[in-house]
Every structure is written in structure tokens, then in C-alpha cells.
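# Inside the fold
The chain contents come next:
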Amino acid sequence: MTVIAKESLIGKRVAKLDAPEKASGRTRYVHDLDLPGQLHARILRSSRVHARIVSIDTSRARALPGVHAVLTAADVPWQRPLGVGRDQLPLKGDRVRSLRDEIAAVAAETVEIAEAALRLVDVVYEDLPPLTDVRAALAPGAPVIHEGRPPTKGAERPDAASHPNVAMTFDYAQGDVAAGEAASDVVVDGWFRLHYVTHCCMGVSGMIAQFDATGNLTLHSNTQVPFLHKREFAEILGIDPGRIRIIQPPIGGGFGSKLDIYPFEPICVFLAKATGRPVKLVFTREEEFLASPTRQPVLLRLTSGARRDGTLTFRVCETLHDNGAYTSWGATTPFVMMQTISSLYRVPHVRYHTTAAYTNNPYAGSFRGYGNLQATFAVEQQMDELAEKLGIDPLAFRLRNAQDPGEVTPQGMHFRTCGLKECLATAAGASGFLAKHAAARAAQRAPGRVKRGVGMASMLHVGGGAKIYPSDGCGTILKIDDFAHVTLITGASEIGQGSETVLAQLVCEELGVPLDAITVVNNDTDITPWDVGVHASRTTFIGGNSAIGAARKAKAKILAAAARSAGCAEAELDLRGGHIVRAASGEAVTTLAKLLRSLHFSDRAELVMTTHYYEPPSRHQDAAYKGDVSAAYAWATQVVEVEVDTDTGVVRLVKVTGAHDVGRVLNRLGIEGQIEGGIVMGQGYALTEDLVVDHGVVRNPAFRDYKLVTAPEIPAMDVHFIETMDGEGPQGAKGVGEAPAICMAAATANAIANATGVRLRELPFTPEKVYRALRSAAG
Amino acid sequence: MSLTREIGFVLNGVRTRATVPVAMSALDMLREVVGLTGTKYACGEGECGACTIVVDGRSLCSCLLFAVDCDGRELTTIEGAERDPLGARLEQAFVDCGAVQCGFCTPGMVMQAQHWLQAHPGASRDAILRAIEGNLCRCTGYVKIVDAIERVAREAP
């Protein structure tokens, strides 16, 4: 008898299922698709930062041969407001509030004709006073960006509520800050400035919209939230959401940029409706820089206190968010920021406030880490400052205040697993942090042009979904054919992060089939069950638990049938290597395929098809922002080593040592790739990337002037995994997608301070900024 | 509506003729006239490397090359990479080493690596980092891309 050993793919280095198609150039992204009869669309954007539109004349554009439609707001009087804030129409009619504002759109035979037509649209503007400084936005008498609009949230503070440019406010409090201040032996206080950066997905934004003969709408879309978009589009278009189908071709990078609905998407649909033809709209790279979202820029004041014994006493955080002209997800990043302020370390007394104010600047969306890079930048710098004031080393000070497993924070987060102390110890130990830190500190005033330094930062982020929407769930449909081939139909979207491979691994683990016996279908809302979207590092956790649930139901059905035919108890059997085996001995009873056929082609006439919907056991926050919003929380510590050239201000990243509490490693190859990519994205945020917004104008909308990190600039990386085996996680895993980007800027700031004695609180650390800071510190 | 020219070239080993507008880039010709979409547009100004192809043995950004200048030349795109054993090994190494995430930069990376290794077999890790400095990747942090190229550089052909 054949004996089949138990094999597992969990924790192995598994190549991504979609990699062969991508590596050979076969993958067709939305840019590569053409539908029969398709037209090409282009959008005319405002040439003014803030202006009244006196008139738009499209007659010359309409007359151009090859032009099928030219639309302005006047042509779609039924259009409705869109986006998180519902504070903009897709096509702007009487007023533009930022340079990206959409005024007219053309559908034509070719892109060239569409572009030529745009040049023939005559727009007469009457300039309004521009408001491009967020502090000025709240001054009395400032120009009002949206008249008659109440702030979206809060309004507890009369000063904030009373100003018409306030878009949103957030207030959170725990404990008694006055008591915390009174108990403090040391206090640090500072302003931090976080700049504009943008996602720079290598695949630019684009979509294809098509109506069928009965008015059903099909979108080929890069969205990260297809099921939410069905509702959004239905609302904007005034049609039944059930008549909208969203197909997601492979996506050329997401990072949060495709989480909201943006004006170009309904505009593309308007053009498809107007022409009766499929319409394809793809951005240029310049347009991608100008008209896709940014990371939320933040002005942040943080005050933190501690006792002489090294325990934290309080934090007070005030932030001012430049909301830009309209409200997208960027304005809501305080949801995450306040978690880091209140709960990364144990701190009894906290007060947090954010005001987001409208300006005529670009607006921010969600971007990997979602406010956490900004909050961590301030919190972790002040951990170093407090440690220094107390004469405690930075590691010991953090360990003294670190969260433990089992903790329920005053904000209501329950850390069922928490590897923060192991992350701190591992990253510090592996990097030789303490010795290097002491040596660099001693050498700050020693002669020498190049100074070396080391800095650390930790992070807390949701790792088990985030209950923001009514449901944070994901559905799975699983079917197995007569040849034991499994089709896993999941709502969870793949954006390159490797989720489809991880989901397939999890199903293999349950059903004992090889990886190549799985096909994942994850890109068509007419087929896939509901999922809230790919965001908040949730897909492995939520989609994974959903896939496991469906696979376990299938396994139960198979084992019941096998037990009937073998005349034994189900518990005596198992699935391994495509076979039904005796659980105790591994002895093969029959092949899975034969068992499935016997079930199908018999009097029972059954197919194995199962469904599962997984909803995590998390809770919505209450009105005071308290609640256990995630089913698990992820932790990490990163140690950054830098060299600072004091003659030029150039900061070189030498090495990053990371320790990540990921629950459990599922695909070692994939998780390493996520972390390495996140580290380099965080490096760009810290050192090189800077979207220059000058009086409302993006001055560097090109890779020539917007500096992504290139291959020779990457640091050495040493990544360690802390496996805390989360009880709710799929095979023990927690989310990791956003985590690796979060600590980098904070740790780099701490490393520069360790190298030079100069603390930098404004990003990015460009040579000019570092040089000036060093010179001014030298007097 | 614009002035066109008929040109001839060898594309992935196949003699090819195409009629192209004189202002068209080689990138647009490949994608829109010939219909090979493996070569990607990501910046259109030679800054990102996603559109890298090999022309007469040199790697070029096809967005900066006029289609008409392909006349009489020999082009290799990602679709032809695996005809060469080195290209096939590179594609496999990218898969095995986890060098592919969203995959949008991957064809350009493979073409650049193939071109580089042809001239520099056995290249060092540092040399490989330099060799792909004109190719941007937003997902991977480059580590696994360099792992893949290095594996091929170290293997006996």
C-alpha cells in the first residue's frame, strides 16, 4: 500500500501563481486591452488654481472629425457628487477649486484626436483668490472654498466648527492629561512637518466603460474596492447597482491609490453612455502625478511626558491636515494616527485633535500605512528625545513602555497577540544597536566628514482587517471538478501583493492537493462573492480565513463520502497528496479524483461546491473612537543605519534590520518581498520623494524630478520574522502589507540625530535640508 | 491624418513590415500597430525603463525611439526574450526568486538584464544594481530582482 507523507506549503518559498505570465509579458493590464468599437477619452483639466468658469465653448472641438462626444457639466445635469466627502461633481461646471479639476471630456477615434479636441475647447475663467496654505485657510476672512458646507465630523471645538473651510475634525481623549502633565519629570514638545508624496504605481490610472444593449454597465477597472464601487457608480449614475459589473484586469500597483472613486471614472462612463461605444481612458504619467491622490500632508505638534523611572505619562497631539480642494481618504487618516498616539506604547493620558481644512491644493487619498507613517514619525522621535532626557538608552525606554499580549488599551484595542518586545529585542540584537548607538553618540563631535548613526522605530498597525464599513468580510466559492482540480472563487483582489498565491496555499493545506491543482478566480463581480476591498493589510487575514472556511466545508463533505465507502469514521481519514489516506498511517485509500467521481456519477449525484463568508470578530469604534477595530494587530521594529556626509548633507542608508510580528509566515518569498518593497518605499518617503506643490501647482510631475529610489541606492536588509501564531489568523498569520513602510522615516530621523546630534522634524531629508540643519546647529 | 511611412524590420526573429505615422514612437508602434503589449508605457520620457527593448544588440527605451528609426533594424521585445536561452532563464529566475509583484516593470527589467548579461556574463551583484538603475520598480525594493539576475549570472549557461 502506498503511504503518503503529510506535506505543507505553509512557510515555504512559493513562487507567485501570476509570475510566469507577468515575467513573459503575456499579462494584459487595462492599458493592454481593446474592446471592439472602442473610443479613446481624454480629460480637460483646469489651468487655474481657483476660478469661476465664465463660459465653456466646445463647438470647435465637437466639429473636429473623429470626435464622437464632448461633455461638460452642462451635458450631464444629472451627475451627482462623488468620493469620501461627496463634495465634488465629476465634471465641474461653474467653478474650479484646484489645478486638477475636470472641466470637459472628449471621446474620439484615437487618443491623438481626443487630445487635439481638448485644445479646441475654449474656457473663459475669472480668477478667484487662491488659498494654498493650510494655516491661512483657517484665518478669519480667508477665501471660502466650499460655501455652505458643514464640517463632516465632530465640530466639538467652536473655533474649528465656526470656520467655513473646516472639512473635518477629529477629537480623541483618554485619561486626564492635566494629571499626566503633573506627574511628568520630563516633557518634550515639537512640530513635525510631513510632505506630499504620491503612489507612483508603475501602471498609470485607467479604465474601460461599456454599456450593453439593455443598459448593463461593464467596467474594466483598476479599483481596489470593486464591490463598493458598484454602489458608488450606481449612486452617481442613478442606476441599479445590480446592473454594474466590474472586471479587474491585473493591476499595475495599488498601494491605496485606488480606494476611492475619482472623477475620471464616472466621466469615462458618461462618455460611454453618450456615444454608445466602449470608451477607454488612460492617464499619461504627467496626469498621474497631477490628478491621482497623494499621501496626506500633515503639520503635527506632539508633546510627550515621562516619569524619572522611564514610564510614559501623557501625549498631546494636534494636527492640521491640508484637505486640498476635496475630501478623499487622506482627510480621514486620523483614525489610524490616533491609534499610534494612544496605543503603540502604554500611555495613560492622551488628547488628540485634528482639523482638516480645505485649500486649493491637490487632495490626498489613502496610501500604504494610512496616516501611520506620519504619526510614527513624531511618536518615535519623541521616544528617543525622552530617553535621552532621562538618560535611559532608547531600547530600554521602549521596552519599559511596550505593550504586552493580552493588553486592552484605553482606546479599546485588544492585543490578543503582541510581539513588540520580541521585535525590539530582535532588531536591536541583530543590528548591534546599543553598541553602535553609544559609539556614534560619543563620536558626534569627533572630527570627520562622514558621520555614522543608528536609529530605531517601532510600529503598531491593524493586522486582522479594520472594521470601517458595515462589514469587513470576504466571501469564497469553492468547487472541485471530477479530476480533483479546485477553483477558488474569492472576493479578495490581487494587486501584485501575492494574495492569490497565499489563498491557494491555504486551500492546499486543507485539501491536501498540490498548488497546481488550484485556479484562483478573483476579478469579476458577476462571479466573485462580496469583499470589502484590498486595503488595511487585510486580504491574507480576511480572504484567507474565508478560503479556509470554504475548504473545510469541502473537506468535510469529501471525508464523509470517503468514510461511507471505506466503512470507517471520518476522523480516521485525511486528505494528502491528492489522495484519501488513513490519518494515522498515511496509507492511501483511494485518489481524491476517484472519490469525487464516485460521488458525482452515482445515485447520490453530488458535486463538491461550497461557500463561506468570513466576518472578523472585530468591532466598530464608538463615537469616541474607542473599540477593537481589528481582529489582530501587527507589530514591527526597524533599525536604520545611516551615513551622513556633513559637507554635502547627503544621507546614505547603509542597512535596515527589521523584526516583524507577522503572526506566522505563510509564503516566505512573498512576505520578504512585501517587506523589502515597503522598506524601500519608506526610504523614498524619508529621503528622496517630494511632490513639490507650489501655490497649488505641482512643479515636478515626472520621474525626472520626482525621485523614486533606484536599485543602487537600496540599503542592505536583514529581516526577521516574529511568529506569534495569532489564534484568529489563517494558520496563525496577521496582515503585513503596510507595516514595513511605516517605521522608516522615524528610524532614519533618529539615526541622523544619533550621527550628528541634529534632530530633523521635516520630511524629506534632502541633502539641502540636512546641510542647512547641520550648518544652523553649528552656528 | 498624419504623414506615414512604411518600414521593415526584424521583430523577435520575424521579418515585419508596418505603416507608421512619422511622429510615432517605437513603443506605440509595438503596442498599437504590431499588437505586442508586453512592452509597457509608464512615463514616456525614458526615466522608468518599463518600455525597454533591445535594438541591434543595445537596450533602449522604446518610448524615446521613433518608429521610423526601426527601419532596417533588429528588435527584440519581451515577447521574443525566451527565444534566447538567457532570456528564458531570466524569466524563470524572476518567477522563482519572487522578483515579480505587480509585474508592470518586469518586462523592462528582463530585457535590461538580458542585454546586460549578454555583455557581462558573471556580473557581480553591485554591477547588476548599476545595470538596472534606469529601471524603476515600486513594489519589490529591487532585492529579489537582483537575486534573480544574479542567479542567472552565476549559473553556467
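From a predicted model like this one, the values you see are computed outputs, not experimental measurements. (Residues numbered from 1 in each chain as written. Chains lettered and ligands numbered in written order. Predicted model: local features only at pLDDT ≥ 70, side-chain atom pairs only at ≥ 80, totals over all residues. Heavy atoms only, no water.)

Our focus in this paragraph is the overall build of chain A. Looking only at helices and strands, chain A has 21 helices and 28 strands in total. The C-alpha atoms of chain A give 28 Å as radius of gyration, which agrees with the globular expectation for 779 residues (28 Å, within 12%). Its C-alpha atoms give chain A principal-axis dimensions of about 85 × 75 × 50 Å. With 779 residues in all, chain A has 64% of them scored as buried. A fraction of 79% describes how many contacts in chain A between residues 6 or more apart in sequence connect residues 24 or more apart. For chain A, the exposed area adds up to about 26,100 Å²; of that, 53% sits on carbon and sulfur atoms. (Helix = DSSP H or I, 4+ residues; strand = E, 2+ residues; numbered from the N terminus. Rg over C-alpha atoms; globule rule 2.2 N^0.38 Å. Buried < 20%, exposed > 50% of the residue type's maximum accessible area, 1.4 Å probe, protein only. Contact = heavy atoms within 4.5 Å. Areas by Shrake-Rupley, 256 points an atom, 1.4 Å probe, with all protein chains shown as cover.)

Turning our attention to the sheet that holds strand S6 (residues 122-127) of chain A. Residues and elements named next belong to chain A. In spatial order, the strands read S4-S2-S6; together these three strands make up an open sheet with antiparallel pairing. Across the chains shown, the open sheet's two edge strands, defined by having one partner strand only, are strand S4 (95-96) and S6. As judged from the six bridges shared by strand S2 (residues 51-57) and S6, these two strands associate in the antiparallel manner. Residue isoleucine 53 lies in a different strand from S6, and its bridge partner there is tyrosine 125. (Pairing = 2+ DSSP bridges.)

Here we take up the domain arrangement of chain B. How big an interface is tends to be reported as the loss of accessible area on association of its parts. Residues and elements named next belong to chain B. The assigned domain composition of chain B is domain 1 (4-80) and domain 2 (82-154). Computed from C-alpha atoms alone, the centre-to-centre distance between domain 1 and domain 2 is 21 Å. Contact residues are listed per partner, giving 19 residues for domain 1 and 14 residues for domain 2. The contact between domain 1 and domain 2 buries some 1,300 Å² in all, and 58% of this surface belongs to carbon and sulfur atoms. When the buried surface of domain 1 facing domain 2 is broken down by residue, Thr52, Ile78 and Gly80 rank first, second and third, together holding 34% of it. Here domain 1 is connected to domain 2 by zero salt bridges. (Domains from an automatic or database assignment. Buried area = accessible area lost by both parts, 1.4 Å probe. Salt bridge = Lys/Arg side-chain N within 4 Å of Asp/Glu carboxyl O.)

Moving on, we get to the pattern of salt bridges. Residues and elements named next belong to chain A. Under the counting rule described, the total for this entry stands at 64 salt bridges over all chains. Glutamate 606 is the salt-bridge partner of arginine 604, the closest N and O atoms lying 3.2 Å from each other. With relative accessibility at 46%, the residue arginine 604 sits in the partly exposed group. With a shortest N-O distance of 3.0 Å, aspartate 694 and arginine 699 are connected by a salt bridge. Accessibility expressed as a relative area gives 51% for arginine 699, which makes it exposed. Through salt bridges with shared partners, a single ionic network connects Arg42, Arg45, Lys92, Arg100, Glu102, Glu115 and Glu287.

Considering every residue of chain A, the mean pLDDT works out to 96; 98% of them sit at 70 or more. Segment residues 154-160 of chain A is flagged for pLDDT under 50; beyond a separation of four residues in sequence, or across chains, it makes eleven contacts in the model. (pLDDT = per-residue confidence, 0-100.)

With that settled, consider empty space enclosed by the protein. Residue and element names in this part refer to chain A. For the coordinates displayed, the defined rule picks out six cavities of 30 Å³ or more. In this structure, the second largest cavity encloses a volume near 130 Å³. Lining the second largest cavity are 15 residues, with Ser205, Ser257, Lys258, Tyr262 and Phe264 positioned closest to its centre. Only helix H8 (264-275) and helix H9 (285-291) provide two or more residues apiece to the lining of the second largest cavity. The residue makeup of the lining of the second largest cavity, split by class, is four nonpolar, seven polar and four charged. (1 Å grid on protein atoms, 1.4 Å probe; cavity = no way out; pocket = protein on both sides within 12 Å on 5 of 7 lines; lining within 4 Å. Points joined across faces, edges and corners; volume = space filled by probe spheres on them. Nonpolar A, V, L, I, M, F, W, Y, C, P; charged D, E, K, R; others polar.)

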